[in-house]
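Here's the letter readout for the chains.
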Amino acid sequence: MMGYGFDPSLSEGSLKPPIFLTSTFVFENAAAGKRFFEGVTGKIPGGAEGLIYSRFNGPNQEILEDRFALWEDADDALVFASGMAAIATLLLTFVRPGDCIVQSGPLYAATEGLIAKILGQFGVSWVDFPSGATREEIDAAIAKGKAKGRVSLIYLESPANPTNQLVDVEAVAAARDAAFDKGERPPIAIDNTFLGPMWAKPIAQGADLTVYSLTKYAGGHSDLVGGALVGDMQLINQVRMLRNTIGTICDANTAWMLLRSLETLELRMERAGENAAKVCEFLRDHPKVESVGYLGFLEPGSRQADIYNRHCTGAGSTFSLYLKGGEKEAFAFLDALSIAHLAVSLGGTETLASAPAAMTHLSVPDERKAALGITDNLVRISIGVEDPDDLIADFANALNAV
Ligand SMILES: Cc1ncc(COP(=O)(O)O)c(C=O)c1O
């Protein structure tokens, strides 16, 4: 994450890549310009041999993509202006009117809205199965999807936001392979924002593409918005063509900041994960706490524990805290925090806490909230890299105020 993909000798010996603030790139001669365009338009396979125009790509974004692909042993990566820009570009690449998307549920609320409310207006339907679904339930959802239309994409999110439920990617891949002939298999894309790229590498379990909000752990400093897709070259190239057309790529400055972030990604995530384990251990036994939804506390022998053991190498640092009581108790806890900040988002160096039922998921209908466990007493916490004893003291004080 320090040197790969950048040669200082090409930039006046600069240790760090300069930020390339340019909208366009000068061709050495007209024939080179033609060759680059033949690549970028797909007239000649293999992509453009050089840089053309900043809506397509730039040096900072290219280095970032090379380094991000390394994390997951993937063919290639694409970076985007936000996680939602990545997801929207992915959906528009593969889904056509009349198609059906088979998806795990719940998904991040904006992803659910984009599929149901926006793509729905263009005649796209969807079928979902619960995140923890068995092979039989996944088979049934695929069969239902096939009855509705051409299944052109299987879209997963694991752990799901905000329930932390894990999806059995191996079972989804096996179900997909059994249900479709080789040439007709829809790609499997999975939102890996919560545990990736440190603690989950779903491409190894059969996913074709991973999806990221780089705004979270990858960016990690709560100072930028970005997104990425990582995976199979042939699929990535299809998405690249659309990104070139609509310009959902991130800008050079954001790409540079993300390069800075990747240098410490492992250190930050490791520390945040260790902190979360200590904080959750403290919270679990507190008399004002009903339960803690943390991947480190899965019941041995349960289906979720089985998926965790096969798919994950760490429990992450984002979890659900269920307080005894309701909204009043959740708000009293949030208002009394002094080190953790009351804000939505996750994966930054600072610990953040929020009340999903009253904030991010306010617009979700009550029955669906109840079915997903998004109750008024739920506080979602993303642990950062502070001193763990300071965090425990902060949470102890806040619980005293409840
Ligand atoms: C799991 C997940 N996916 C995608 C997104 C969207 O990312 P962005 O806000 O970078 O567009 C979020 C944002 O919270 C998220 O939590």
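Our subject is the structure that appears above.
What counts as what
- Residues numbered from 1 in each chain as written.
- Predicted model: local features only at pLDDT ≥ 70, side-chain atom pairs only at ≥ 80, totals over all residues.
- Heavy atoms only, no water.
- Helix = DSSP H or I, 4+ residues; strand = E, 2+ residues; numbered from the N terminus.
- Expected span 1.5 Å × (residues − 1).
- Contact = heavy atoms within 4.5 Å.
- Polar contact = N/O pair within 3.5 Å; in protein donor to acceptor, adjacent residues only side chain to side chain.
- Buried < 20%, exposed > 50% of the residue type's maximum accessible area, 1.4 Å probe, protein only.
- Pairing = 2+ DSSP bridges.
- Axes fitted to C-alpha atoms, helices over the stretch in contact; angles between N-to-C directions.
- 1 Å grid on protein atoms, 1.4 Å probe; cavity = no way out; pocket = protein on both sides within 12 Å on 5 of 7 lines; lining within 4 Å.
- Points joined across faces, edges and corners; volume = space filled by probe spheres on them.
- Nonpolar A, V, L, I, M, F, W, Y, C, P; charged D, E, K, R; others polar.
- Phe/Tyr/Trp six-rings, centres within 6.5 Å; stacked < 30°, edge-to-face > 60°.
- Lys NZ or Arg CZ within 6 Å of the ring centre and 35° of its normal.
- Near = heavy atom within 4 Å.
- Areas by Shrake-Rupley, 256 points an atom, 1.4 Å probe, with all protein chains shown as cover.

A.B. asks: What's the story with helix H8 (residues 252–263) in this structure? I'm lost.
C.D. replies: An α-helix turns once every 3.6 residues. As a result, residues three or four positions apart point the same way. Along its 12 residues, H8 runs 17 Å from first to last C-alpha, staying within 8% of the 16 Å computed at 1.5 Å per residue. On its buried face, H8 is in contact with helix H2 (59–71) and helix H9 (265–284). Its side-chain oxygen 3.0 Å from the backbone nitrogen of Asn 253, Asp 251 forms the N-cap of H8.

A.B. asks: For this particular structure, what's the right way to read the pairing of strand E9 (residues 318–323)?
C.D. replies: Working note: regular strand, side chains alternate between the two faces of the sheet. Burial analysis of E9 places 6 of its 6 residues in the buried class, which makes it a mostly covered element. Burial along E9 is two-sided: the residues Thr 318, Ser 320 and Tyr 322 and Phe 319, Leu 321 and Leu 323 are all buried. Of the pairings in the sheet, the one linking strand E8 (residues 289–293) to E9 comprises 4 bridges and is antiparallel in character. What sits directly across from Val 289, in E9, is Leu 323. Pairing of E9 with strand E12 (residues 378–382), which is carried by 5 bridges, proceeds in the antiparallel orientation. Each bridged residue has a counterpart across the sheet, and for Phe 319 the counterpart in E12 is Ile 381.

A.B. asks: Explain the sheet that holds strand E2 (residues 100–105) here, please?
C.D. replies: Where strands meet in a sheet, backbone hydrogen bonds hold them as pairs that are either parallel or antiparallel. Judged by pairing direction, the sheet is mixed, and its 7 strands sit side by side in the order E1-E7-E6-E5-E4-E2-E3 without closing on themselves. With partners counted over all chains shown, the strands left at the sheet margins are strand E1 (76–80) and strand E3 (125–130), one partner each. Here the strands of the sheet are splayed against their neighbours by 20 degrees on average, with no regard to which way each runs. Note: E2 against strand E4 (residues 151–157), 4 bridges, orientation parallel. What sits directly across from Cys 100, in E4, is Val 151. Where helix H3 (residues 83–94) meets the sheet, its contacts fall on E1, E2, E4, strand E5 (188–191), strand E6 (209–213) and strand E7 (227–231), and the angle it forms with E6 comes to roughly 150 degrees.

A.B. asks: How do you make sense of the layout of surface pockets when you look at a structure like this?
C.D. replies: If you roll a probe as big as a water molecule over the atoms, it shows you where there is empty space left. Taken as a whole, the largest pocket encloses approximately 530 Å³ of empty space. What lines the largest pocket is a set of 25 residues, and nearest its centre among them are Gly 46, Gly 47, Ala 48, Asn 237 and Arg 240. A total of 7 residues in the lining of the largest pocket trace back to one element, the largest contributor, which is helix H7 (residues 233–246). Taken together, the residues of the lining of the largest pocket break down into 10 nonpolar, 9 polar and 6 charged. What the second largest pocket holds in volume is close to 370 Å³. Around the second largest pocket, the lining is made up of 20 residues, and of these Ala 109, Glu 112, Gly 113, Val 364 and Arg 368 lie nearest the centre. The element contributing the most residues to the lining of the second largest pocket is helix H4 (residues 109–118), with 5 residues.

A.B. asks: Help me understand the packing of aromatic side chains in this model?
C.D. replies: Each pair of aromatic rings is reported with the distance of its centres and the angle of its planes. Summed over all chains, the structure comprises 7 aromatic pairs. A ring pair is formed by Phe 27 and Phe 36, whose centres lie 5.8 Å apart and whose planes are at 80 degrees; its orientation type is edge-to-face. With relative accessibility at 14%, the residue Phe 36 sits in the buried group. Ring centres of Tyr 53 and Phe 56 lie 5.8 Å apart, and the angle between their planes is 75 degrees; this geometry places the pair in the edge-to-face category. Directly above the aromatic system of Phe 180 lies the positively charged group of Lys 146, at a separation of 4.7 Å from the ring centroid. Of note, Arg 243 hangs over the ring of Phe 80, and the distance from its end group to the ring centre comes to 5.7 Å.

A.B. asks: Whenever I open this one, the site of the ligand confuses me. Can you help?
C.D. replies: Neighbouring residues of the ligand: 13 residues in total, closest Met 84, Asp 191, Ser 213, Thr 215 and Lys 216. At a separation of 2.9 Å, an oxygen atom of the ligand approaches a polar backbone atom of Met 84. Note that an oxygen atom of the ligand is positioned 2.9 Å from one of the side-chain N or O atoms of Lys 216. For the ligand, the protein covers 91% of the area, taking 390 Å² as the surface of the free molecule. Looking at the shell around the ligand residue by residue, the class counts come to 3 nonpolar, 7 polar and 3 charged.

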